[in-house]
Amino acid sequence: MESKKNKIVVFGGTGYIGKYMVKASISLGYPTFVYTRPIHSQTSHSKIQLCKEFTSLGVTIVEGELEVEQIVEVVKQADIVICTLAYPQVMEQLKIIDAIKVAGNIKRFLPSDFGVEEDRVHPLPPFQAFLDKKIKIRRQIEAAGIPYTYVSANCFGAYFVNFLLRPYEKNKDITVYGNGKTKAILNYEEDIAMYTIKVANDPRTHNRIVVYRPSTNIITQNELILLWEHKSGQTFNKVFVLDEDIVKLSQTLPPPEDIPVSILHSVFVKGDLMNFELEEDDLEASKLYHDYKCMSIDQLLDKFLVDPPPPASAAFE
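Residues numbered from 1 in each chain as written. Predicted model: local features only at pLDDT ≥ 70, side-chain atom pairs only at ≥ 80, totals over all residues. Heavy atoms only, no water.

Draft legend 1. Molecular detail of the sheet that holds strand S7 (residues 155-156). Taken in spatial order, the three strands of this open sheet run S7-S9-S11, and their pairing is mixed. For this open sheet the edge positions go to S7 and strand S11 (218-219), each flanked by a neighbour on one side alone. As paired strands, S7 and strand S9 (residues 184-187) are joined by two bridges and run parallel to one another. Opposite phenylalanine 156, over in S9, you have asparagine 187 as the bridge partner. (Pairing = 2+ DSSP bridges. Helix = DSSP H or I, 4+ residues; strand = E, 2+ residues; numbered from the N terminus.)

This is the structure:
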């Protein structure tokens, strides 16, 4: 007889990557809770509609503030906690850690990582300061003795295709950061979510870091543009932004505007996603789950040929 499925609670489940996590959790058959701020007259229409969609799928919506006492109550109902809170709320995870310690029942905590492998990169200062907060959360989890899995999902594929190629715009210019030859990893958001639910429930990933680096999703900007030209039948003019200009922007833009340019430098100039070899002891998602076929970049670009453009705010929420 199959053991009962773990109950999963997602913090930030109505956010950009969070909504994919929630849908993946439900699709894989896990009882799923979303902890969200109370819905009121000022709540956006899109969030209200998303919560209605979640409810229709069988998700339990729990409303509350990010306060330890309230968090404890929902954590007690779950087995696994996944946090997808956005960067401005990263340090709020200290409250989730405190609540997990009080509840004492959580089998696995996945904090809000999902980007670069922060313990193995050294980007420009604005991005490093961003990562230092995430590193602090990791160390707090370990100090508290909470079972964890850390996820390095690299780039959100659809988001970055939108950002890099601007596929729904008529502009023939495409900005290239650095020389365009640096390898990056673009993973489709639905695949990131499916992998994450799998690793959250996998005994092999207990107290481990999992990197999402499928070979079909490693690409340079120049290769991405060439592939898009081939698929779309268009020809683009590449506008190069030099390494030193990006560094200068990171030093002169006011916070928090200095962070995105520092991230672009880390990923597309310095190559932080690929600048470390995966050793024998490292866990890589596509090798853990051979039976799951993730969407390649080639297939992802096909979606942009047939899907309607997202609402103006959707691609960059």
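Draft legend 2. Fine view of helix H2 (residues 45-57). Between its first and last C-alpha, H2 extends 19 Å over 13 residues, near the 18 Å set by a 1.5 Å rise per residue. Residues of H2 that are buried include every one of Lys47, Leu50, Cys51 and Phe54, and no others. In a view along the axis of H2, the buried residues occupy a sector of 100 degrees, so they form one face of it. Within H2, the exposed residues directed more than 90 degrees away from the buried face are His45, Lys52 and Ser56. In this structure, the buried residues of H2 make contact with helix H1 (18-27), strand S2 (32-36) and strand S3 (60-63). Glycine 58, located one to two residues past H2, shows a positive phi value of around 105 degrees. (Expected span 1.5 Å × (residues − 1). Buried < 20%, exposed > 50% of the residue type's maximum accessible area, 1.4 Å probe, protein only. Arc of directions from axis to C-beta. Contact = heavy atoms within 4.5 Å.)

Draft legend 3. Structural detail: the sheet that holds strand S13 (residues 283-284). The strand order across the open sheet built from three strands is S6-S10-S13, with neighbouring strands paired in parallel fashion. Single-partner strands in this sheet number two, and they are strand S6 (149-152) and S13.

Draft legend 4. View of the nonpolar core. Counting residues in hydrophobic clusters, the biggest one holds 72 residues, and the most contacted among them are Ile82, Leu165, Tyr177, Leu186, Tyr212, Leu224 and Phe268. When residues in this core are grouped by element, the largest group, seven residues, is from helix H7 (residues 189-200). Apart from the residues lying within four places of it in its own chain, the contact partners of leucine 165 are Phe160, Ile174, Leu224, Ile225, Trp228 and Leu301. In this structure, Val9, Val75, Ile146 and Tyr150 belong to the second largest nonpolar core, which totals 27 residues. (Core = buried A, V, L, I, M, F, W, Y, C linked by side-chain atoms within 4.5 Å.)

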